[in-house]
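Summary of the model geometry
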Amino acid sequence: MDLGVRWKLHGGDGRTPAPGAVVRPDERLTWPRTIGLGAQHVVAMFGASFVAPVLMGLDPNLAIMMSGVATIVFLLATRGRIPSYLGCSLSFVGVAAVIRAQGGTSATVTGAVLVVGAVLFLVGLAVQRFGARIIHAAMPPIVTGAVVMLIGFNLAPVTASTYWPQDQWTALLVMLFTGLAVVCLRGFWSRIAIFLGLVFGYGISWAFDRIFGKIHSVDASGKLTDHWRLDLSAVSKADWIGLPHLHGPSFQWSAILVALPVVIALVAENAGHVKAVGEMTGDPLDDKLGTAISADGIGSMLSTAVGGPPNTTYSENIGVMAATRVYSTAAYWAAAGFALLFGLCPKFGAVVAAIPGGVLGGITVILYGMIGLLGAQIWTNARVDLRNPLNLVPAAAGIIIGVGDVTMKFTDTFSLSGIALGTIVVITGYHALRAFAPAHLKTQEPLLDEGTSRYDDAKS
């Protein structure tokens, strides 16, 4: 059985590719060069993979380690045809915040997300059996765009009430620096702008502690107190080598219902990434879409089963491939190996866990907004006509419900709110209205086949 773990040397010697040459997924450069590219992929995913588990209240060491495991599973499942890295999914950050606000624990969060991973796996099997048309029929671009948008913008109160107040001036400086990095840097450096923002924030927090002393503000627990911006006391106590903290999942229906809408975002995300990789490599991958979705679901199930966060394909790493034109899956095996090693270093996890609240405030202002605006990108790429009331009404209602955290109470023990309720309104509202709408409002066909993301090699 071909598992996609055999590569031929590019150009015969595996050294520097010729100008304009492409290193295909089944090729590799020399091992030192391949390992170097793997390290570059790890750096590219570090920023988001650092932030996501911290925001979800989960162990960053375990998150990094399980991202390596999920990537290996993905590469084996797709037989090495789809070069992708699976890192911690930011789509679940808002879900985790809602579950914890309802009194849920880390086990409750991972239990809910494990169910989402299982549903994603089943969706992938359905796509393999019936084709991608079932996705297009159930979730046209107006639906997927609206759901992604409300998931991102639902996070705004987390930044405003939790992170920004801890150190508003550091948050402002980090926001400005990260924004400049995203816009002004080119190629690979622009892809790791979040990581650069974290490094800058660490430096600023350390400097402000030395210059101004302790800050009088709320801390991570919400208590008003005098505290250091950057507290590295746990780093010196952490071991260099050790296993991350593991815990089992706990299942609660209320938490599961909050998390399930993210399936829509993950399906749209996977469809866009598979389409983008296929366009870059010149290898049509439509036949592998179902496999990719299922593999993503399996990776998330494995991670959350031991207490880690869910995983998904990372656009940051797709951007690195666009910039280097090296699509070798051998580089991703190397990246997965690095992630496994980092996960076994508790001191590394302690450094990540010490990220100051003000730094997270500056990062999340941009990051959460970008997640939400990916929904608008889906609409733009699919040429969704928002002048059509069939599109406008369900999207408008669902987004306001999701962003405003509107609640529908059905009984004393069961209610729906925010992301879950907004998603239900968008999906059921669109299909119900479409059933009764006049023919002239139904002329626009779903265009998800066009892909939900595009990557311009010339701009990377």
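You'll find the structure just up there.
None of the values given here were measured: they were computed from a predicted structure. (Residues numbered from 1 in each chain as written. Predicted model: local features only at pLDDT ≥ 70, side-chain atom pairs only at ≥ 80, totals over all residues. Heavy atoms only, no water.)

**Let's talk about the overall build of the protein**
Assigned secondary structure in the protein consists of 20 helices and 8 strands. The 460 residues of the protein split such that 53% are buried. Excluding contacts between residues fewer than 6 apart, the proportion of contacts in the protein whose partners are at least 24 apart in sequence is 79%. Of the roughly 19400 Å² of accessible surface on the protein, a fraction of 66% belongs to carbon and sulfur atoms. (Helix = DSSP H or I, 4+ residues; strand = E, 2+ residues; numbered from the N terminus. Buried < 20%, exposed > 50% of the residue type's maximum accessible area, 1.4 Å probe, protein only. Contact = heavy atoms within 4.5 Å. Areas by Shrake-Rupley, 256 points an atom, 1.4 Å probe, with all protein chains shown as cover.)

**A closer look at the nonpolar core**
Counting residues in hydrophobic clusters, the biggest one holds 96 residues, and the most contacted among them are V51, M56, I363, Y368 and W379. Looking at which domains feed residues into this core, each of domain 1 (25-230 + 239-384) and domain 2 (385-437) gives three or more. Excluding residues that lie within four positions of it along the chain, M56 makes contacts with C88, S89, F92, V93, A96, R100, V109, P309 and P310. Grouped together as the second largest cluster of nonpolar side chains are 5 residues, V23, L37, V326 and A331 included. (Core = buried A, V, L, I, M, F, W, Y, C linked by side-chain atoms within 4.5 Å. Domains from an automatic or database assignment.)

**Digging into a nonpolar patch on the surface**
A surface patch of nonpolar side chains, amounting to about 300 Å² of accessible area, comprises L386, L392, V393 and L433. Structurally, L392 can be placed in helix α19 (residues 389-404). (Patch = residues over 30% accessible without salt bridge, like charges linked within 9 Å, V, L, I, M, F, W, Y side chains within 5 Å. Salt bridge = Lys/Arg side-chain N within 4 Å of Asp/Glu carboxyl O.)

**Focus on the packing of aromatic side chains**
Under the definition given, this model contains 3 aromatic pairs. Here the aromatic rings of W7 and W31 are separated by 6.0 Å at their centres, their planes lie at 85°, and the arrangement is edge-to-face. One end of the pair, W7, is in the segment before β1 (8-9); the other, W31, is in helix α1 (residues 31-56), with 24 residues separating them in the sequence. Given a relative accessible area of 19%, W7 falls into the buried group. Measuring from ring centre to ring centre gives 4.2 Å for F177 and F200, while their planes differ by 5°; the resulting arrangement is stacked. With F177 in helix α8 (residues 168-184) and F200 in helix α10 (residues 193-212), the pair connects residues that are 23 residues apart, well separated along the chain. Look at F177 and you get partly exposed, because its relative accessible area is 30%. By relative accessible area, which is 25% here, F200 ends up partly exposed. Here the guanidinium or amino end of K347 rests over the ring plane of W240, the centre of that ring lying 5.1 Å away. (Phe/Tyr/Trp six-rings, centres within 6.5 Å; stacked < 30°, edge-to-face > 60°. Lys NZ or Arg CZ within 6 Å of the ring centre and 35° of its normal.)

**Structural notes on the side chain of S217**
Following the sequence through the fold, S217 ends up in strand β4 (residues 215-218). A distance of 2.7 Å separates the side chain of S217 from the backbone oxygen of Q166, its partner in a polar contact. Setting aside anything within four residues of it in sequence, one finds S217 in contact with P165, Q166, K223, L224, T225 and H227. (Polar contact = N/O pair within 3.5 Å; in protein donor to acceptor, adjacent residues only side chain to side chain.)

**Overview of the pattern of salt bridges**
Summed over the entire model, instances satisfying the criterion amount to 4 salt bridges. One salt bridge in this structure joins R229 and D209, with 3.1 Å as the shortest N-O distance. A residue pair is termed long-range when its members are at least 10 positions apart, and R229 in the loop between β5 (224-227) and α11 (233-237) and D209 in helix α10 qualify at 20 residues. Between R387 and D385 there is a salt bridge; the shortest N-O distance is 2.9 Å. Taken together, the salt bridges that share partners define one network made up of D167, D209 and R229.

**A few points about α8**
If you check α8, its first and last C-alpha atoms are 24 Å apart, about what 17 residues at 1.5 Å a residue would give, namely 24 Å. Among all positions of α8, only T170, A171, V174, T178 and A181 are buried. Across the axial projection of α8, the buried residues extend over an arc of 95°, all falling on one side. Among the exposed residues of α8, those oriented more than 90 degrees off its buried face are W169, L180 and V183. (Expected span 1.5 Å × (residues − 1). Arc of directions from axis to C-beta.)

**Digging into the packing of helix α2 (residues 60-77) against helix α14 (residues 289-305)**
Where α2 contacts α14, the axes come no closer than 9 Å and their chain directions differ by 150°. In terms of orientation, α2 lies roughly antiparallel with respect to α14. Handedness of the α2/α14 crossing: right-handed. On α14, the residues touching M66, V69, A70, V73, F74 and A77 of α2 are T291, A292, A295, D296, I298, G299, L302 and S303. The residue makeup of the contact of α2 with α14, split by class, is 10 nonpolar, 3 polar and 1 charged. (Axes fitted to C-alpha atoms, helices over the stretch in contact; angles between N-to-C directions. Parallel < 35°, antiparallel > 145°, perpendicular 65-115°, else oblique. Left-handed = near helix turned anticlockwise from the far one by under 90°. Nonpolar A, V, L, I, M, F, W, Y, C, P; charged D, E, K, R; others polar.)

**Some thoughts on the packing of α8 against α10**
One can describe the packing of α8 onto α10 by two numbers: an axis separation of 9 Å at closest approach and a directional angle of 150°. Classified by the angle their axes make, α8 and α10 are roughly antiparallel. Considering the relative orientation of α8 and α10, their crossing is right-handed. Here T170, L173, V174, F177, T178, A181 and V182 of α8 lie close against α10, whose contacting residues are A193, I194, L196, G197, F200, G201, I204, S205 and F208. Across the contact of α8 with α10, the residue classes break down as 11 nonpolar, 5 polar and no charged.

**So, the environment of A268**
Structurally, A268 can be placed in helix α13 (residues 262-281). Separated by 127 residues in the primary sequence, A268 and P141 have C-alpha atoms spaced 8.7 Å apart.

**Details of the side chain of S84**
Mapped onto the fold, S84 is located in the loop between α2 and β3 (86-88). Leave out the neighbours within four places in its chain, and S84 touches T71, F74, L75, V277, T313 and Y332.

**A look at helix α3 (residues 93-101)**
Residues V93, G94, V95, A96, V98 and I99 constitute the buried set of α3. In the segment just after α3, G103 is the residue with positive phi, at about 95°.

**A look at unusual backbone geometry**
Phi angles above zero are rare outside glycine, and R79 is one such case at about 55°. Unlike most non-glycine residues, R383 shows phi in positive territory, near 55°. Mapped onto the secondary structure, R383 falls in the loop between α18 (357-381) and α19.

**Quick look at the environment of D286**
Summarising the element assignment, D286 is placed in the loop between α13 and α14. Owing to a relative accessible area of 57%, D286 belongs among the exposed residues under this scheme. Residues D286 and V274 lie 12 residues apart in sequence; the distance between their C-alpha atoms is 7.7 Å.

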